[in-house]
Structures are given as C-alpha cells and as structure tokens.
Amino acid sequence: MERAIKARILLVKVPPELIGIFTSLIDGSGRKAIVRTKESREDLVYLIATPDTYEELIFTVKQIKKHMPQVEMLGETEPSELEIN
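Predicted, not measured: the structure shown is a model, and the values here were computed from it.

**Q** Tell me about the nonpolar core, and please be specific about residues and values.
**A** Leu10, Val14, Phe22, Ile26, Leu47, Leu57 and Val61 are the most contacted members of the largest nonpolar core, which has 19 residues in total. Among the secondary structure elements, those contributing two or more residues to this core are β1 (8–13), α1 (19–28), β3 (44–49) and α2 (54–67). Element by element, the count of residues in this core is highest for α2, at 5 residues. If we ignore the near neighbours within four places in the chain, the residues touching Ile26 are Arg31, Lys32, Ala33, Val35, Leu47, Leu57, Thr60, Val61 and Ile64.

Written out as structure tokens, the structure reads:
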C-alpha cells in the first residue's frame, strides 16, 4: 500500500540570483522546510514543510521578505505540483 506524503508546500517567487541566499536563510532558520526548484534559472521556489512547521515557515518567509522585498509568497500549492504524490 502506498503511503501518502503529509507535506504542505509554500510556493514562493524569488529572483534566480537570490535563490542561493534565500535557501541559506531558510536552512539557517532551523530548517523549517526543504527548498526545491523544478527548473534551474527559474524564479519559482517550493518550500516543503511538515504540517507542524508550516505556520512557522510563513512567519520566517515574512521576516526574510523584510530584507529581501523581491521575494513574493504565492501561497500554498498541492504536492502534485512537484510530482511527489
């Protein structure tokens, strides 16, 4: 029997040249999420979090956004968007 993945995914728009520093900030904030992109050199970043850390992740991204106003939260997306179902 296939086990369902219990993840919440926040889609964020980050300029490609800032994805490295954005990833470092997410990692440095207690690894509230795994950072993934589907295509290199694109600006869509998927933050994969557990249901327990999702709200903390939103807070963290809002704090990062204060210093990186180019970051834009697009909202929650389905796991199928990343083909992890």
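There's more to say after this.
**Q** Residues and numbers for the sheet that holds strand β2 (residues 34–36), please.
**A** The sheet built from 4 strands is open, its strands ordered β2-β3-β1-β4 with antiparallel pairing. Only two strands of the sheet have a single partner each, and these edge strands are β2 and β4 (72–77). With direction set aside, neighbouring strand axes in the sheet form an average angle of 25°. Pairing of β2 with β3 involves 3 bridges; the strand directions are antiparallel. Bridge pairing in β3 links Val35 to Leu47. Across the sheet, α1 lies against β1, β2 and β3, angled at about 15° from β3, the strand it touches most. The sheet strands contacting α2 are β1, β3 and β4, and the helix crosses β1 at an angle near 15°.

**Q** Tell me about α1, and please be specific about residues and values.
**A** If you check which residues of α1 are buried, you get Ile19, Phe22 and Ile26. The buried side chains of α1 occupy one side of the element, clustering within an arc of 60° when seen end-on. Taken together, the buried residues of α1 touch β1, β2, β3 and α2. At the C-terminal side of α1, Gly30 shows a positive phi close to 105°.

Parameters at a glance
- Residues numbered from 1 in each chain as written.
- Predicted model: local features only at pLDDT ≥ 70, side-chain atom pairs only at ≥ 80, totals over all residues.
- Heavy atoms only, no water.
- Core = buried A, V, L, I, M, F, W, Y, C linked by side-chain atoms within 4.5 Å.
- Buried < 20%, exposed > 50% of the residue type's maximum accessible area, 1.4 Å probe, protein only.
- Helix = DSSP H or I, 4+ residues; strand = E, 2+ residues; numbered from the N terminus.
- Contact = heavy atoms within 4.5 Å.
- Pairing = 2+ DSSP bridges.
- Axes fitted to C-alpha atoms, helices over the stretch in contact; angles between N-to-C directions.
- Arc of directions from axis to C-beta.

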